[in-house]
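A look at the structure
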Amino acid sequence: MTQSQANTSAFSLEIDADGIGLVTIDMPGRAMNVLNPTLVEPFAGLVQQLETDNHLKGLVITSAKSTFIVGADIDQLTQITSAEEAFKLCEDLKGMMRRMEKCGKPVVAALNGTALGGGLELALACHARIALDDPKAKFGLPEVKLGLLPGAGGTQRLPRALGVEPALNMIVSGEPVNSELLAQVPGQVLFQKIIEGDLLQGAVAYALEVADQRPLPRVRDLKAQHPEAQAFFQFARNMVGGMSKNFPAPLRCLEAVAASVSMKFEDGMRAEREGFAHLMQTPESKALRHAFFGERAASKIPDVPADTPLRDVKNVAVIGAGTMGGGIAMCFLNAGIPVKLLEMKQ
């Protein structure tokens, strides 16, 4: 491949002799790639280059990290103080994806690992998704765990790509699912291929294969449908309402998925955006996001650098077999570490 001039601090572009551009996302200073507004303008430039450069026949998007993109940048969410700002965040990201989707040349996502939240939404806006055969790779939309719903098209595209019922289960629960299980869903077009060997070689080959195909496949053009939609969603409302209790996000997620069936794509996108902006302002979402950041902060010790070498623990001794001592012993046993437990009393 020859190195292109279209490089930024977040990704690089290389164009091979056949005219397929390989976009490699590698955000500096981060262990994993996230989707944030800083990518919007560079990605728009990439798509413009794809549209105007006669030598470029298509793009393959992948990651230099061990995962693809693990979601939106949650740090950005802490800076949002109004519904208008939430609307703008959604529209910026969705505008970027819409431009990719409407491009007349193929954009292929080479999913080299886990793709969550905005990462999966970005992949769904591509014309094809080629995944690596990796049992550790998981895919999901976990926004509900922060009291939110997917705000970049996930509630509208996933039901079209995967089917209404499995998509609803994923979105309402927020639990990621292994690619092998998702690939077995009847009629799914979430993945065009799952590759055991060289992922990038396979993705580039697929981009070349569909380079002259017109029209290009778009998830938005598929129909989200369920044979008993009205009864299914009413049953789901009863179930989700009983389980979610005082948390509004699961039911709001459900209604957004229901909109993918009852509305045209753009109308469903507006319903999703309104749901996202509403949930951003709820005290439940603010509390869940606060707890999320608190847990992350608690796992970091200020005066211990991240590159501190770890001591290999092979055996553990716990003195005192009461409630606390027994619980500590079980934690180590669950991690596969042998434990000696000593009680000082009979």
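In this text the structure is predicted, and so the values were computed from the model without any measurement. (Residues numbered from 1 in each chain as written. Predicted model: local features only at pLDDT ≥ 70, side-chain atom pairs only at ≥ 80, totals over all residues. Heavy atoms only, no water.)

**A look at the nonpolar core**
Ranked by internal contacts, the top residues of the largest apolar core, which has 78 residues, are Phe-43, Ile-61, Leu-111, Phe-139, Leu-158 and Phe-233. Excluding anything up to four places from it in sequence, Phe-233 contacts Val-164, Leu-168, Leu-254, Val-257, Ala-258 and Val-261. In terms of nonpolar packing, the next biggest core, distinct from the first, is built from 14 residues, Ile-20, Ala-128, Tyr-206 and Ala-207 among them. (Core = buried A, V, L, I, M, F, W, Y, C linked by side-chain atoms within 4.5 Å. Buried < 20%, exposed > 50% of the residue type's maximum accessible area, 1.4 Å probe, protein only. Contact = heavy atoms within 4.5 Å.)

**Some details on the packing of helix α5 (residues 154-162) against helix α10 (residues 249-262)**
For any two helices packed against each other, one specifies the crossing angle of their axes together with the interaxial distance. Interaxial distance between α5 and α10 falls to 8 Å at its minimum, and their mutual angle equals 60 degrees. Classified by the angle their axes make, α5 and α10 are oblique. With respect to the hand of their crossing, α5 and α10 are arranged in right-handed fashion. Across the interface between the two elements, Thr-155, Gln-156, Pro-159 and Arg-160 of α5 pack against Ala-256, Val-257, Ala-259 and Ser-260 of α10. For the contact of α5 with α10, the class distribution of residues is four nonpolar, three polar and one charged. (Axes fitted to C-alpha atoms, helices over the stretch in contact; angles between N-to-C directions. Helix = DSSP H or I, 4+ residues; strand = E, 2+ residues; numbered from the N terminus. Parallel < 35°, antiparallel > 145°, perpendicular 65-115°, else oblique. Left-handed = near helix turned anticlockwise from the far one by under 90°. Nonpolar A, V, L, I, M, F, W, Y, C, P; charged D, E, K, R; others polar.)

**A few points about the environment of Leu-181**
Note on placement: Leu-181 falls in helix α7 (residues 179-183). In sequence terms Leu-181 and Lys-138 are 43 residues apart; their C-alpha atoms lie 9.7 Å from each other.

**A short note on the packing of helix α6 (residues 164-173) against α10**
For the pair α6 and α10, the least separation of the axes is 9 Å and the interaxial angle reads 155 degrees. Taken as axis vectors, α6 and α10 run roughly antiparallel relative to one another. Two packed elements cross with a definite hand, and for α6 against α10 that hand is right-handed. Across from Val-164, Leu-168, Ile-171 and Val-172 in α6, the residues of α10 making contact are Pro-250, Cys-253, Leu-254, Val-257 and Val-261. Split by residue class, the contact of α6 with α10 holds nine nonpolar, no polar and no charged.

**Some remarks on the confidence of the model for the protein**
Any segment with low pLDDT has predicted coordinates that should not be analysed in fine detail. Considering every residue of the protein, the mean pLDDT works out to 88; 96% of them sit at 70 or more. Averaged pLDDT values over the elements of the protein bottom out at 42 in strand β1 (residues 2-3) and peak at 96 in α5. Here residues 1-6 is modelled with pLDDT under 50, and outside its nearest four sequence neighbours on either side it reaches 17 contacts, counting other chains as well. (pLDDT = per-residue confidence, 0-100.)

**Quick word on α6**
Within the span of α6, buried status applies to Val-164, Ala-167, Leu-168, Met-170, Ile-171 and Val-172. After α6 finishes, the residue Gly-174 shows a positive phi value of roughly 75 degrees.

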